[in-house]
Amino acid sequence: MQKIIPHLWFDRQAKEAAEFYVSLFPNSEVKNTTTLKNTPSGDCDVVSFNLHGQPFMAISAGPLFKFNPSTSFMVNFDPAKDPEAANNIDIAWEKLSTGGKILMPIQKYPFSKRYGWLQDKYGLSWQLILTDPKGEERPGIIPFFLFVKDVCGKAEEAIDFYLSVFKGSKKGTVMRYGKGQDPDKEGTVMFADFKLLDTWFAAMDSAHDHKFKFNEAVSFIVNCDTQEEIDYYWDKLSAIPESEQCGWLKDKYGISWQIAPTLMNEMMKEKDPKKLERVTQAFLKMKKFDLAELKKAYEGN
């Protein structure tokens with residue numbers, strides 16, 4: 001199982017959105033859907049699915065958080081892997097942009113022969129790029145952080161922090177703004193990518209006047225095998241106590257994480273409604289997850 005998994009928060013469209021997304025990309029499928037009963041948001045659908053080989057999870061839990069471009073997903077169309085990449089990027093663009101909003105039109109840019117940035121009809125942001133096959137290989141989909149407002153200029157600091165937390169990780173490419181690229185400060189990150197455990201991420205600073213910042217609409221689940229792992233990541237990442245709830249935390253840069261036991265994935269597939277209800281009511285009372293208590297609830301002890 002992949003250690004770090006993106007999690008998407010929808011109002012009521014998680015199942016619909018997952019089915020839409022898996023129709024767009026190869027090596028994609030909906031894996032499981034579970035409905036949690038009697039939560040503060042009512043009945044919530046939880047959906048696990050793969051896109052382009054990248055695992056995702058999504059929840060329908062009410063209109064509390066809205067997607068924005070601070071966190072997007074970069075989709076690599078690699079001609080070395082797909083001879084039809086140049087055609088397929090346009091097909092995906094047309095489908096994703098329908099009912100959405102264009103942030104950067106799909107066209108030639110200095111860094112790519114074909115690239116575009118958009119928000120889809122659900123508000124989720126995507127960057128589609130025709131990858132240079134001569135470059136170092138990257139996965140099909142990469143989460144992308146845009147550091148703006150009070151965290152602008154902190155992308156490299158954040159990357160170094162995450163590399164220190166997630167052992168066995170590494171830096172990839174780093175490109176910096178130069179002179180005359182105002183309002184961005186010379187030396188800050190124009191683009192960087194990095195690998196945390198088994199997941200690639202990318203990030204950049206932007207000093208432009210953006211009207212958004214990181215929020216809980218996109219978070220990242222860290223699957224932990226033991227309570228010791230849960231404790232470790234919780235202690236390292238949590239920086240805003242009032243954001244701690246149901247395994248969720250927010251780090252010092254405003255990015256949300258869910259520190260969850262790997263066993264929770266099996267619990268969420270449970271078909272016995274009584275077991276699922278016990279686990280749901282147990283974790284709703286928790287801030288940091290207590291693996292032993294979750295096991296007791298699941299087993300009915």
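Since the model is a prediction, treat every value here as computed from it, not as a measurement.

A. How the structure looks around the overall build of the protein. A count of helices and strands for the protein gives 7 helices and 15 strands. Relative to the compact-globule value of 19 Å for 301 residues, the protein shows a C-alpha radius of gyration of 19 Å, a close match. Relative to its full complement of 301 residues, the protein shows a buried share of 53%. Long-range pairs, those at least 24 residues apart, make up 64% of the contacts in the protein with a sequence separation of at least 6. Entry remark: accessible area of the protein is about 14,100 Å², with carbon and sulfur atoms responsible for 51%.

B. Structural view of helix H2 (residues 85–97). Between its first and last C-alpha atoms H2 spans 18 Å; for 13 residues at 1.5 Å apiece the expected length is 18 Å, and the two agree. Taken together, the buried positions of H2 are Ala-85, Ile-89, Ala-92, Trp-93, Leu-96 and Ser-97. When H2 is viewed along its axis, its buried side chains cluster within an angular range of 115° and face the same direction. On its buried face, H2 sits against helix H1 (14–22), strand E5 (71–77), strand E6 (101–109), strand E7 (112–119) and strand E8 (125–130).

C. Molecular detail of the sheet that holds strand E3 (residues 42–51). Judged by pairing direction, the sheet is mixed, and its 7 strands sit side by side in the order E2-E3-E4-E1-E13-E15-E14 without closing on themselves. Only two strands of the sheet have a single neighbouring strand rather than two, namely strand E2 (29–39) and strand E14 (248–250). Strand-to-strand twist in this sheet, taken as the mean axis angle between neighbours without regard to direction, amounts to 25°. Across the face of the sheet, H1 comes into contact with strand E1 (4–10), E2, E3 and strand E4 (54–60) while running at roughly 10° to E3.

D. Structural view of the layout of surface pockets. If you add up the space inside the largest pocket, you get close to 1,200 Å³. Lining the largest pocket are 36 residues; nearest its centre among them are Met-74, Phe-111, Tyr-115, Ile-129 and Phe-191. Elements with a contribution of two residues or more to the lining of the largest pocket: E5, E6, E7, E8, strand E9 (141–147), strand E10 (170–176) and strand E11 (189–196). Considering each element in turn, the lining of the largest pocket owes the most residues, 4 residues, to E7. Taken together, the residues of the lining of the largest pocket break down into 20 nonpolar, 10 polar and 6 charged. In this structure, the second largest pocket spans a volume of roughly 750 Å³. In this structure, the second largest pocket is lined by 32 residues; those nearest its centre are Trp-9, Ile-59, Cys-246, Trp-248 and Phe-283. Taken together, the residues of the lining of the second largest pocket sort by class into 22 nonpolar, 9 polar and 1 charged.

E. Summary view of the environment of Gly-187. With respect to the secondary-structure elements, Gly-187 resides in the loop between E10 and E11. Residues Gly-187 and Glu-244, spaced 57 residues apart in sequence, show a C-alpha to C-alpha distance of 34 Å. Those residues in contact with Gly-187 that lie beyond four places of it in its chain are Arg-176 and Tyr-177.

F. Highlighting the environment of Leu-197. In this fold, Leu-197 is placed in the loop between E11 and strand E12 (199–205). When the C-alpha positions of Leu-197 and Pro-69 are compared, they lie 24 Å apart, and in sequence the two are 128 residues distant. Sequence-distant contacts of Leu-197, defined by excluding residues within four places in its chain, comprise Lys-3, Ile-4, Phe-166, Lys-167, Ser-169 and Tyr-233.

G. Representation of H1. Every buried residue of H1 is accounted for by Ala-14, Ala-17, Ala-18, Phe-20, Tyr-21 and Val-22. Packing partners of the buried residues in H1 comprise E1, E2, E3, E4, H2 and E8.

H. Expanded view of the pairing of E3. Most of E3 is tucked away, with 8 of its 10 residues classed as buried. Here 8 bridges tie E2 to E3, and the two strands are oriented antiparallel to one another. Bridging from a neighbouring strand, Thr-34 pairs with Val-46 of E3. Where E2 folds back on E3, the antiparallel hairpin that results is connected by 2 residues. Relative to E4, E3 runs antiparallel, the two being bridged by 6 bridges. For Leu-51, the partnering residue across the bridge sits in E4 and is Gln-54. Connecting E3 to the next strand, E4, in antiparallel fashion are 2 residues, including His-52 with a positive phi near 55°.

I. View of the sheet that holds E8. Across the sheet, which stays open at both edges, the 8 strands sit in the order E6-E7-E8-E5-E9-E12-E11-E10 with mixed pairing between neighbours. Lying at the two open borders of the sheet, with one neighbouring strand each, are E6 and E10. The average undirected angle you get between the axes of adjacent strands in this sheet is 20°. Against the sheet, H2 contacts E5, E6, E7 and E8, and its axis sits at roughly 165° relative to E8. Set on the sheet, helix H3 (residues 155–165) makes contact with E9, E10, E11 and E12; between it and E11 the angle comes to about 10°.

J. Spotlight on the side chain of Thr-280. Of note, Thr-280 is situated in helix H6 (residues 273–284). Residue classification places Thr-280 among the buried residues on the basis of a relative accessible area of 1%. Residues contacting Thr-280, with those up to four places away along its chain left out, are Leu-36, Lys-37 and Thr-39.

Basis of the calculations
- Residues numbered from 1 in each chain as written.
- Predicted model: local features only at pLDDT ≥ 70, side-chain atom pairs only at ≥ 80, totals over all residues.
- Heavy atoms only, no water.
- Helix = DSSP H or I, 4+ residues; strand = E, 2+ residues; numbered from the N terminus.
- Rg over C-alpha atoms; globule rule 2.2 N^0.38 Å.
- Buried < 20%, exposed > 50% of the residue type's maximum accessible area, 1.4 Å probe, protein only.
- Contact = heavy atoms within 4.5 Å.
- Areas by Shrake-Rupley, 256 points an atom, 1.4 Å probe, with all protein chains shown as cover.
- Expected span 1.5 Å × (residues − 1).
- Arc of directions from axis to C-beta.
- Pairing = 2+ DSSP bridges.
- Axes fitted to C-alpha atoms, helices over the stretch in contact; angles between N-to-C directions.
- 1 Å grid on protein atoms, 1.4 Å probe; cavity = no way out; pocket = protein on both sides within 12 Å on 5 of 7 lines; lining within 4 Å.
- Points joined across faces, edges and corners; volume = space filled by probe spheres on them.
- Nonpolar A, V, L, I, M, F, W, Y, C, P; charged D, E, K, R; others polar.

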